[in-house]
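Single-letter residue listing:
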Amino acid sequence: MAIRYWEYEDAPLKEKLKNPNVRELAKIYFENETRAYRFAKALLEVKKKQSIRLKDCDASLPLATWKRYLDFGVSVGILKHEDSAYTFTDRYSKPFKNIPVYIKAWVENQEGEDADVLFANARTERQKKRGGRASTPAEAAKHDDGAAQPQ
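Let me sum up the structure you'll find in this document. Being a predicted model, the structure only gives us computed values, none of them experimental.

Focus on the pairing of strand β1 (residues 79-82)
Here's step 1: As defined by bridge partners, β1 adjoins strand β2 (residues 85-88) across four bridges and the pair is classed as antiparallel. Following the sheet pairing, lysine 80 is matched in β2 by threonine 87.
Here's step 2: Once β1 ends, the chain turns through two residues before running back antiparallel as β2, passing aspartate 83 with a positive phi of about 55°.

A word on helix α5 (residues 99-108)
Here's step 1: When α5 is considered as a whole, its buried residues turn out to be Ile99, Pro100, Tyr102, Ile103 and Trp106. Burial along α5 is one-sided: seen end-on, the buried residues are contained in an arc of 160°.
Here's step 2: On its buried face, α5 is in contact with α1 (10-16), α2 (22-29), α3 (33-49) and β2.

Regarding the nonpolar core
Here's step 1: Counting 33 residues, the largest nonpolar core has Leu25, Tyr29, Phe39, Leu43, Leu70, Ile78 and Phe119 as the members making the most contacts within it.
Here's step 2: Within the residue set of this core, elements represented by two or more residues are α2, α3, α4 (63-75), β2 and α5.
Here's step 3: With eight residues, the top contributor of residues to this core is α3.
Here's step 4: Contact partners of leucine 70, with chain neighbours within four places excluded, come to Ala42, Val46, Ile52, Leu54, Cys57, Leu79 and Tyr86.

A few points about the environment of asparagine 21
Here's step 1: By the secondary structure assignment, asparagine 21 is in the loop between α1 and α2.
Here's step 2: Expressed as a C-alpha distance, the spacing of asparagine 21 and glutamate 113, which sit 92 residues apart in the sequence, is 7.6 Å.
Here's step 3: Residues in contact with asparagine 21, not counting those within four places in the same chain, are Tyr102, Trp106 and Glu113.
Here's step 4: Side-chain polar atoms of asparagine 21 contact the backbone nitrogen of glutamate 24, separated by 2.9 Å.

Some words on the pattern of salt bridges
Here's step 1: In the structure shown here, the tally under the stated rule is seven salt bridges.
Here's step 2: In this structure, glutamate 45 and lysine 49 form a salt bridge, with 3.4 Å as the shortest nitrogen-oxygen distance. In this pair, glutamate 45 and lysine 49 are both assigned in helix α3, four residues apart and thus about one turn of the helix distant.
Here's step 3: Connected through shared salt-bridge partners, Arg23, Lys27 and Glu33 make up one network.

Scoring rules and cut-offs
Residues numbered from 1 in each chain as written. Predicted model: local features only at pLDDT ≥ 70, side-chain atom pairs only at ≥ 80, totals over all residues. Heavy atoms only, no water. Pairing = 2+ DSSP bridges. Helix = DSSP H or I, 4+ residues; strand = E, 2+ residues; numbered from the N terminus. Buried < 20%, exposed > 50% of the residue type's maximum accessible area, 1.4 Å probe, protein only. Arc of directions from axis to C-beta. Contact = heavy atoms within 4.5 Å. Core = buried A, V, L, I, M, F, W, Y, C linked by side-chain atoms within 4.5 Å. Polar contact = N/O pair within 3.5 Å; in protein donor to acceptor, adjacent residues only side chain to side chain. Salt bridge = Lys/Arg side-chain N within 4 Å of Asp/Glu carboxyl O.

This is how it looks when you write it as structure tokens:
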């Protein structure tokens, strides 16, 4: 986790509370821009819909990725998973002094945010299939990267 000085200092926190955004929240937990982007997308979806199920997640990320980052939100105490739906909760990690205050301010902030703009350097395209079985010949051709074709 990328815990920086501002999470413990009151003056920088007061400045950040004036305009909370999901980028700062995601960067607390992930230094990697792509991982922070994915976590931010998950949080934004929950914030937009108030409650989200895996079947309601859009196709911008694979379902396994949605599940991984939503479950991470549960493990750090931002989200709860009940009745197969993810929602925000107030169970924040006790060791962190100002992070819960920032999270609460961000959740209550009603300004629209776009993860694609906030994480401009993140890789947002889907990765190539790395293994497993293709479901159809057409899908196999789509995932083929030009390797030698059987004759």
